[in-house]
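Results of the structural survey
If you want the building blocks of each chain, they are given just below.
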Amino acid sequence: MTTPTDTARHARVAVERGIDRYPEGLLYRIPAELAGVRLGEHVTVPLGRGNALVHGVVVGLGDEARRAGGRDMALVASRIKAIAAIDRSTDPLPALVVRLAQWIASYYCAPIGVTVAGMTPSAVRKGIGRKFRIAVDLAAAPAPAAAPAPAARMHPKRLAILDAIAQRPTHERPIDIDELRTACGLATRAPILALIKSGHLRVTHRTLVQAKWRAATIADAPAPEPTAEQQAIIENLATTLKQGFSQHLLFGVTGSGKTEVYLRLAARVMAMGKSVLYLVPEISLTPQTGGRIVARFPNERMAILHSGLTAAQRHEQWIVAAQPGVKIVIGARSAIFAPIPDGELGLIIVDEEHDSSYKQDQAPRYHGRDVAIRRAQLSACPILLGSATPSLESWWNATTRGISKLHQLANRAPGLRTPRVEIVDFRRETVLHRDRRVHLIGPTLEVALCQAFDAGGQAIVLLNRRGYANWIACSDQTCGWMMQCDHCEAGMVVHHDLSGGATMKFTRCHHCHAEQRVPTRCPRCAKAITVFGLGTQRVEEELERLFPELASAGKMARVDSDSMTQASDFHETLGRFGRGELQLLLGTQMIAKGLDFPNVQVVGVISADTALNLPDFRASERTFQLVSQVAGRCGRSLQPGRAIIQTFQPDAEPILAAARQDFAGFAAAELAARQKYGLPPARRLARVIIRHADRAEAERIAARLHRDLVALGSAKEVNVRDPAPCPIARINDRWRIQIEILADTPARLQQLLAAARSREILVPGEVMAIDVDPVALL
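To keep things clear, this report deals only with the structure shown in the data block. (Residues numbered from 1 in each chain as written. Predicted model: local features only at pLDDT ≥ 70, side-chain atom pairs only at ≥ 80, totals over all residues. Heavy atoms only, no water.)

Quick notes on the overall build of the chain
Note the cut-off: Starting at the N terminus, helices and strands are each numbered in turn, a helix being any DSSP run of H or I of at least four residues and a strand any DSSP run of E of at least two. Throughout, the radius of gyration refers to the C-alpha atoms, and the reference size of a globule is 2.2 Å times the residue count to the power 0.38. Three labels apply to residues, based on accessible area from a 1.4 Å probe with only protein chains included: buried if under 20% of the type maximum, exposed if over 50%, partly exposed otherwise in between. In this description, contact between two residues means that some pair of their heavy atoms is separated by no more than 4.5 Å.
A count of helices and strands for the chain gives 24 helices and 31 strands. Against the globule reference of 28 Å for 778 residues, the chain gives a C-alpha radius of gyration of 30 Å, in line with a compact fold. Taken over the C-alpha atoms alone, the chain extends approximately 100 × 70 × 60 Å along its principal axes. Within the span of the chain, comprising 778 residues, buried residues form 52% of the whole. Considering only intrachain contacts with a sequence separation of at least 6, the fraction spanning at least 24 residues in the chain is 75%.

Set out below in structure tokens:
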């Protein structure tokens, strides 16, 4: 047993390195001068033989650190290095966030240092935007010998300064010296400095983080009255707000008013003195959702966290989120790590919980929705997941496992019409053209767009593939040459660059981002090159040809990751569309979810089956979700909406079910198939990918890993599948071999993974990537 003195001598520190040998963090000695170090504190520690000073976070103290250190504590005391310094410029992570990091590192098989480093924005660690300021306040009553001159002999300007400070509420003091100068209409600081010198004012030095923000227009709309359906769910959920952790799924058709339920519940949580963490899947949705929240709660303190902010803005908002009394924190996936003080979180909302962008694609490969559930458990508060097309995992949890309570909104909100969905067999429509050109906009969609524009309406056209064309091949079919990326086992995609005035054609790999010029001749037989396939740029070209008046008037915009290089670009485009300055919005899945524009009368989907035949068991689910979500963007007013789905597979069940808006029927059939073949969510899946520049070496490592995992898995009732090339076998000059691990329960899967890590069979890093609960298998 350790004494209290002993327990304060050691700490576990997660350093910003991919060290997985010590999953609990590295053991350090706490020197006497740093005895006040706290859990979650940012520190500087020596690392390696050269004792290079690196940043880290304290993740364990005292008995906890010593127990975790088992094998280290046998070391001679003098070999345990000491913490070098504490970084007081950054607030410590709350204890619950540290516990969350430990769970993520364990569950998702990631080094604790990489996990903790990913939780704190680099702008915060680097102090970007930090400024040192002087603030002043009224001095305490001075001693008689040092009493300042009486007010009767004081200059009027100085009296006005003292009066301005005295009238400020206590919580607004001390006041920044330049803010005070401006408020008093002074040209210089001289009168304030004179009052400091005379002893009337005391000085406080403080650190501020300031960022520049663009002015935003917030719509001031009255809150709608909840429908009977909404009110019943609000009252049902409100009874759980003081009962600790509970998990809920809100399944509501598009336009049913899920956001109103969120906001009503948020108001009740804030009335209890608690805060709300509100997650959205894309940074594109953050401004629109944030605008609604600000309009509803204009007097509440709110923080916004997402990757689209500047570094200084991220730092500023992080500090806001860490302050006691913040009522709402809203953001994308990484906002789940917001440093809300322990004990203040009262509700977590995960909107569009089905969205794949909640899954991180680099270590730690966590799923934001599942991490949110874990944070709600640690915080003893309810969590509400919402979607019109829930993930089959969440649906399974609510309808089969019973660990989540299901709430349903079956009807659209008053004033919203259910869109009429039409499936167009594009095999038939293509033969209607007589100009012998390949068209991407069929006659049905073209007529519908014309009618909408003539009526002053707006339209959205979606194709979930960017670029111009995705095939570059020899025109001679007997040759068979097709352009591939030099660094990946994948084709190149043609893009058009119009920035210089003239059109420049080039090819880009969408995996490693390598670029080349489009060849003019086949490198194999020297015959002409043909370019075919489709992409948003090619659809844009066709729309400009069909509707030249919109194009010339600047009333058409393309939204994809090529045209929207910054988050502000997308926000500005959405703003123009919302104000009616744009009539046609063309884009990828960025425009398929969460957007609410009442004047949209037509939605068109180009090639709805793009992802249907991918070698991924979730392809049907994604197709259903995408078609359902984009169809729901229309019919959001008294105007009838019309969704036209162009497809070469009109009989595909995901497309038919999406047209019927029959999620329950689709989910039942899809889950039955998943159970039959032992796929998630009926079983749990982990995927290990071996990546190596040498193909033979990758195969050798995979074979050895498979042998070792099979030996472990047989005792733990886990199925380890044989190594196989990934569907995209090479990316960025590294060959990729995958091993899939399936188990009946999360516990059995975690037992195998933990045993493999402890024996150093699984070592996450450059060669080995571990993805627990993967959402993509390419």
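After that view, the rundown keeps rolling.
Digging into the side chain of serine 275
Along the polypeptide, serine 275 turns up in strand 10 (residues 275-279). If sequence neighbours within four positions are ignored, serine 275 has contacts with Val269, Val326, Lys327, Ile340, Glu344, Leu345, Gly346 and Leu347.

A look at the packing of helix 20 (residues 619-631) against helix 22 (residues 663-677)
Put simply, the rule is: Axis definition: a line fitted to C-alpha atoms, limited for helices to the stretch in contact. Angles are taken between N-to-C directions and run from 0 to 180 degrees. Should an angle fall under 35 degrees it is taken as roughly parallel, and over 145 as roughly antiparallel, whereas 65 to 115 is taken as roughly perpendicular and any remaining angle as oblique. Here the nonpolar group is Ala, Val, Leu, Ile, Met, Phe, Trp, Tyr, Cys and Pro; Asp, Glu, Lys and Arg are the charged ones; every other residue, Gly included, is treated as polar.
Contact geometry for helix 20 and helix 22: axes closest at 11 Å, N-to-C directions at 170°. With respect to each other, helix 20 and helix 22 are oriented roughly antiparallel. In this structure, helix 20 contributes Ser620, Glu621 and Phe624 to the contact, and helix 22 contributes Phe663, Phe666, Glu670 and Arg674. Partitioning the contact of helix 20 with helix 22 into residue classes produces three nonpolar, one polar and three charged.

As for the sheet that holds strand 12 (residues 328-331)
As a reminder of what qualifies: Two strands are said to pair when DSSP picks up at least two bridges between them.
One open sheet holds the seven strands; their spatial order is 11-12-10-13-14-9-15, and the pairing between them is parallel. Of all the strands in the sheet, just strand 11 (302-305) and strand 15 (405-409) have a single pairing partner and so form its edges. Each adjacent strand pair in this sheet contributes to an overall mean axis angle of 15°, direction not counted. The pairing of strand 9 (residues 246-252) with strand 15 spans five bridges and is classified as parallel. Within the sheet, the bridge partner assigned to leucine 249 lies in strand 15 and is leucine 406.

A word on unusual backbone geometry
The amide bond that connects alanine 363 to the next residue, proline 364, takes the cis arrangement and shows omega of -5°. Cis geometry is found at the peptide bond from proline 680 to proline 681, where omega equals 5°. Residue placement: proline 681 occurs in the loop between helix 22 and strand 27 (684-692). The phi torsion at glutamate 760 lies on the positive side, around 60°, for a residue other than glycine. Looking at where glutamate 760 falls in the secondary structure, it is placed in the loop between helix 24 (746-758) and strand 31 (768-772). The backbone phi angle of aspartate 773 is positive, close to 55°, even though this residue is not glycine. Checked against the element boundaries, aspartate 773 lands in the segment after strand 31.

Observations concerning the environment of proline 764
Position of proline 764 relative to the elements: it lies in the loop between helix 24 and strand 31. For proline 764, a relative accessible area of 13% corresponds to the buried category. Along the primary structure proline 764 and alanine 528 are separated by 236 residues, whereas in three dimensions their C-alpha atoms are 46 Å apart. Discounting chain neighbours no more than four positions away, the residues touching proline 764 are Asp20, Cys109, Pro111 and Ile770.

Observations concerning helix 12 (residues 311-322)
Quick reminder: α-helices carry 3.6 residues per turn. Residues three or four places apart thus point the same way. Here is the rule we go by: In this scheme, a helix's expected span is set at 1.5 Å multiplied by one less than its residue total.
Under the 1.5 Å per step criterion, the end-to-end length of helix 12 is 17 Å for twelve residues, consistent within 8% with the ideal 16 Å. Listed in full, the buried residues belonging to helix 12 are Ala312, Gln313, His315, Glu316, Gln317, Trp318, Ala321 and Ala322.

Topic: the pairing of strand 13 (residues 345-351)
With respect to burial, strand 13 is a largely interior element, seven of its seven residues being buried. With five bridges connecting them, strand 10 and strand 13 associate as parallel partners. Its bridge partner being in strand 13, leucine 279 is matched across the sheet by valine 350. Pairing geometry for strand 13 and strand 14 (residues 382-387), over four bridges, is parallel. Along strand 14, the bridge assignment pairs isoleucine 348 with isoleucine 383.

Details of the environment of alanine 557
Positionally, alanine 557 belongs in strand 23 (residues 556-559). According to the relative accessible area criterion, alanine 557 is buried, its value standing at 12%. The spacing of alanine 557 and phenylalanine 577 is 20 residues in sequence and 9.0 Å in space, taken between C-alpha atoms. Filtering out sequence-adjacent residues up to four positions away, alanine 557 remains in contact with Thr573, Leu582, Leu584, Leu585 and Leu586.

Structural notes on the pattern of salt bridges
When the charged atoms of two side chains with opposite charge come close together, those side chains can pair. Selection rule: The salt bridge definition used is simple: a Lys or Arg side-chain nitrogen within 4 Å of an Asp or Glu carboxyl oxygen.
Taken as a whole and assessed by the stated rule, the structure comprises 44 salt bridges. The partner of lysine 527 in a salt bridge is aspartate 476, and the shortest N-O contact between them spans 2.6 Å. Here aspartate 476 lies in the loop between strand 18 (471-474) and strand 19 (493-497) and lysine 527 lies in the loop between strand 21 (515-517) and strand 22 (529-532), a separation of 51 residues in the sequence. Of the residues examined, lysine 527 reaches a relative accessible area of 39% and is grouped as partly exposed. Residue classification places aspartate 476 among the buried positions, given a relative accessible area of 18%. For arginine 700, the salt bridge is made with glutamate 697, and the minimal N-O distance between the two is 2.4 Å.

Observations regarding the pairing of strand 1 (residues 10-15)
The element strand 1 is largely enclosed, with a buried count of six among its six residues. The alternating pattern of strand 1 places His10, Arg12 and Ala14 on one face and Ala11, Val13 and Val15 on the opposite face, and all of these are buried. Pairing analysis gives four bridges linking strand 1 to strand 2 (residues 26-29), with the strands arranged antiparallel. Residue histidine 10 lies in a different strand from strand 2, and its bridge partner there is arginine 29. Bridge analysis of strand 1 against strand 4 (residues 52-61) gives five bridges, and the strand direction is antiparallel. Looking across to strand 4, one finds that valine 15 is bridged to glycine 56.

Some thoughts on the sheet that holds strand 23
Ordered by their spatial adjacency, six strands build an open sheet running 16-26-25-17-24-23, and the pairing between neighbours is parallel. What marks the edges here is a single partner per strand, and that holds for strand 16 (420-425) and strand 23. Averaged over all pairs of adjacent strands, the angle between strand axes in this sheet comes to 15°, irrespective of strand direction. When strand 17 (residues 458-462) meets strand 25 (residues 600-605), the two strands line up parallel, connected through five bridges. Its bridge partner being in strand 25, leucine 462 is matched across the sheet by valine 605. With respect to the sheet, helix 16 (residues 443-454) is in contact with strand 16, strand 17, strand 24 (584-587), strand 25 and strand 26 (642-647), its orientation differing from that of strand 26 by roughly 155°. Contacts from helix 20 reach strand 16, strand 17, strand 25 and strand 26, with the element oriented near 160° to strand 25.

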